[in-house]
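# Tertiary structure, described
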Amino acid sequence: AQKITQTQPGMFVQEKEAVTLDCTYDTSDPSYGLFWYKQPSSGEMIFLIYQGSYDQQNATEGRYSLNFQKARKSANLVISASQLGDSAMYFCAMREVNYGQNFVFGPGTRLSVLP
Amino acid sequence: EAGVAQSPRYKIIEKRQSVAFWCNPISGHATLYWYQQILGQGPKLLIQFQNNGVVDDSQLPKDRFSAERLKGVDSTLKIQPAKLEDSAVYLCASSKGNEAFFGQGTRLTVV
């Protein structure tokens, strides 16, 4: 079964606007971590933000914030004040603490920032 | 701090040939992963090491793929013989705490 779902294959946003990238996940492990990675056209995977399943507050890192809704099993990434350099693939990933601890990735969302 | 190093960056081989990829993780990172990323998809785990032991290789096609991590540091991933469907980017990552840090990957093209 798909553990990470990203329903938006592609998204467009105007420069300086905010954008939300959707991610839903499925797990029976009570202890897990949720991650967002950015993959520019050059290919490297860049870590953006982390949310632990027991964290009470939503994670924030600069212009990135994670909208964590545990009951709905969603972990949406919000990018504020989009920049042209934000154009890239974005992957949501989950790591289950009690089931192997490897990172399971979603299919990704391609974000294009328009000038 | 140096990042995860991978080589080569690019490789083109003919089907049925063999190929090897090398990864040097971040110093002190006990966990090392190899992922396969086919164009347009998210990375898929091939194998996970904890020090020099295998934690998960359930998705590794063992009839053609092999990996080792001698002395719990560097790792090599080998494909023998390669098939057309092995064309992908092979990503190595290492982890010590929560997040994983990725190398730039090796783009393999099998013709």
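Owing to the predicted nature of the structure, the values given are computational and were not obtained by experimental measurement. (Residues numbered from 1 in each chain as written. Chains lettered and ligands numbered in written order. Predicted model: local features only at pLDDT ≥ 70, side-chain atom pairs only at ≥ 80, totals over all residues. Heavy atoms only, no water.)

This part takes up the overall build of chain A. Within chain A one finds zero helices and 12 strands. Starting at the N terminus and walking to the C terminus, you meet the elements of chain A as β-β-β-β-β-β-β-β-β-β-β-β. Sequence separation of at least 24 residues holds for 56% of the intrachain contacts in chain A that already meet a minimum separation of 6. Summing over all exposed atoms, chain A offers an accessible surface of approximately 5500 Å²; the carbon and sulfur share of this is 50%. Averaged over its 9 positive side-chain charges, chain A has a centre that lies 2 Å from the centre of its 10 negative ones. (Helix = DSSP H or I, 4+ residues; strand = E, 2+ residues; numbered from the N terminus. Contact = heavy atoms within 4.5 Å. Areas by Shrake-Rupley, 256 points an atom, 1.4 Å probe, with all protein chains shown as cover. Lys, Arg positive; Asp, Glu negative; His and termini not counted. Charge placed at Lys NZ, Arg CZ, Asp CG, Glu CD.)

It is worth spelling out the interface of chain B and chain A at this point. Quoted interface sizes are often the accessible area lost when the parts come together. Contacts between the two partners involve 21 residues from chain B and, on the opposite side, 18 residues from chain A. Both sides together, the interface formed by chain B and chain A hides about 1400 Å², and carbon and sulfur atoms give 51% of it. Counting the contacts that link chain B with chain A gives zero salt bridges. For the pair chain B and chain A, the number of links is eight residue pairs in polar contact (both at pLDDT 80 or more). (Buried area = accessible area lost by both parts, 1.4 Å probe. Salt bridge = Lys/Arg side-chain N within 4 Å of Asp/Glu carboxyl O. Polar contact = N/O pair within 3.5 Å; in protein donor to acceptor, adjacent residues only side chain to side chain.)

Moving on, we come to the sheet that holds strand S8 (residues 75-79) of chain B. Residue and element names in this part refer to chain B. Pairing in this open sheet of four strands is antiparallel, and the strands run S1-S3-S8-S7 from one edge to the other. Bordering the open sheet on either side are strand S1 (5-7) and strand S7 (65-68), each of which pairs with just one other strand. Mean inter-strand twist for the sheet, computed between neighbouring axes without regard to direction, equals 15°. (Pairing = 2+ DSSP bridges. Axes fitted to C-alpha atoms, helices over the stretch in contact; angles between N-to-C directions.)

Glancing now at the nonpolar core. Among soluble globular proteins, nonpolar side chains are generally buried collectively. With 25 residues, the main nonpolar core has A:Leu21, A:Tyr25, A:Trp36, A:Ile49, A:Leu77, A:Tyr90 and A:Leu111 as its most contacted residues. Secondary-structure elements contributing two or more residues to this core are strand S2 (10-14), strand S3 (19-21), strand S5 (32-39), strand S6 (46-52), strand S8 (64-69), strand S9 (74-79), strand S10 (88-96) and strand S12 (109-114) of chain A. The leading source of residues in this core is S10(A), at four residues. Core analysis: the second largest hydrophobic core is formed by 21 residues, B:Ile13, B:Phe49, B:Ala88 and B:Tyr90 among them. (Core = buried A, V, L, I, M, F, W, Y, C linked by side-chain atoms within 4.5 Å. Buried < 20%, exposed > 50% of the residue type's maximum accessible area, 1.4 Å probe, protein only.)

All names here are of chain B. With seven of seven residues buried, strand S4 (residues 31-37) lies mostly within the body of the structure. Residues of S4 alternate between two faces, with Thr31, Tyr33, Tyr35 and Gln37 on one and Leu32, Trp34 and Gln36 on the opposite face, all of them buried. Relative to strand S5 (residues 44-50), S4 runs antiparallel, the two sharing six bridges. Among the inter-strand pairings, leucine 32 is bridged to a residue of S5, identified as phenylalanine 49. Connecting S4 to the next strand, S5, in antiparallel fashion are six residues, including glycine 40 with a positive phi near 85°. Sheet topology note: the S4/strand S9 (residues 88-95) ladder contains seven bridges and is antiparallel. Bridge pairing links leucine 32 to serine 94 in S9.

Turning to the side chain of A:Glu96, a few remarks are in order. All names here are of chain A. Note that glutamate 96 resides in strand S10. Separated by 2.8 Å, the side chains of glutamate 96 and lysine 3 make a polar contact. Of note is the side chain of glutamate 96, whose polar atom sits 2.6 Å from the side chain of threonine 27. Beyond its immediate chain neighbours, meaning those up to four positions away, glutamate 96 contacts Lys3, Asp26, Thr27, Asp29, Ser31, Tyr32, Gln101 and Asn102.

This part takes up the packing of aromatic side chains. By the definition in use, this model includes 15 aromatic pairs over all chains. Taken together, a centroid distance of 5.8 Å and an interplanar angle of 65° make the contact between A:Tyr37 and A:Phe47 edge-to-face. With A:Tyr37 in strand S5 and A:Phe47 in strand S6, this residue pair connects regions lying 10 residues apart in the sequence. Judged by its relative accessible area of 24%, A:Phe47 is partly exposed. Measuring from centroid to centroid gives 6.4 Å for A:Phe91 and A:Phe105, while their planes differ by 85°, and the two rings are edge-to-face. Note that A:Phe91 is positioned in strand S10 and A:Phe105 in strand S11 (residues 103-105), a separation of 14 residues in sequence. The exposure classification of A:Phe91 matches that of A:Phe105, with both residues buried. Ring pairs connect the aromatic residues A:Phe35, A:Tyr37, A:Phe47, A:Tyr50, A:Phe91, A:Phe103, A:Phe105, B:Tyr33, B:Tyr35 and B:Phe102, which therefore count as one cluster. Over the aromatic face of A:Tyr64 sits the side chain of A:Arg63, whose NZ or CZ is 5.7 Å from the ring centroid. (Phe/Tyr/Trp six-rings, centres within 6.5 Å; stacked < 30°, edge-to-face > 60°. Lys NZ or Arg CZ within 6 Å of the ring centre and 35° of its normal.)

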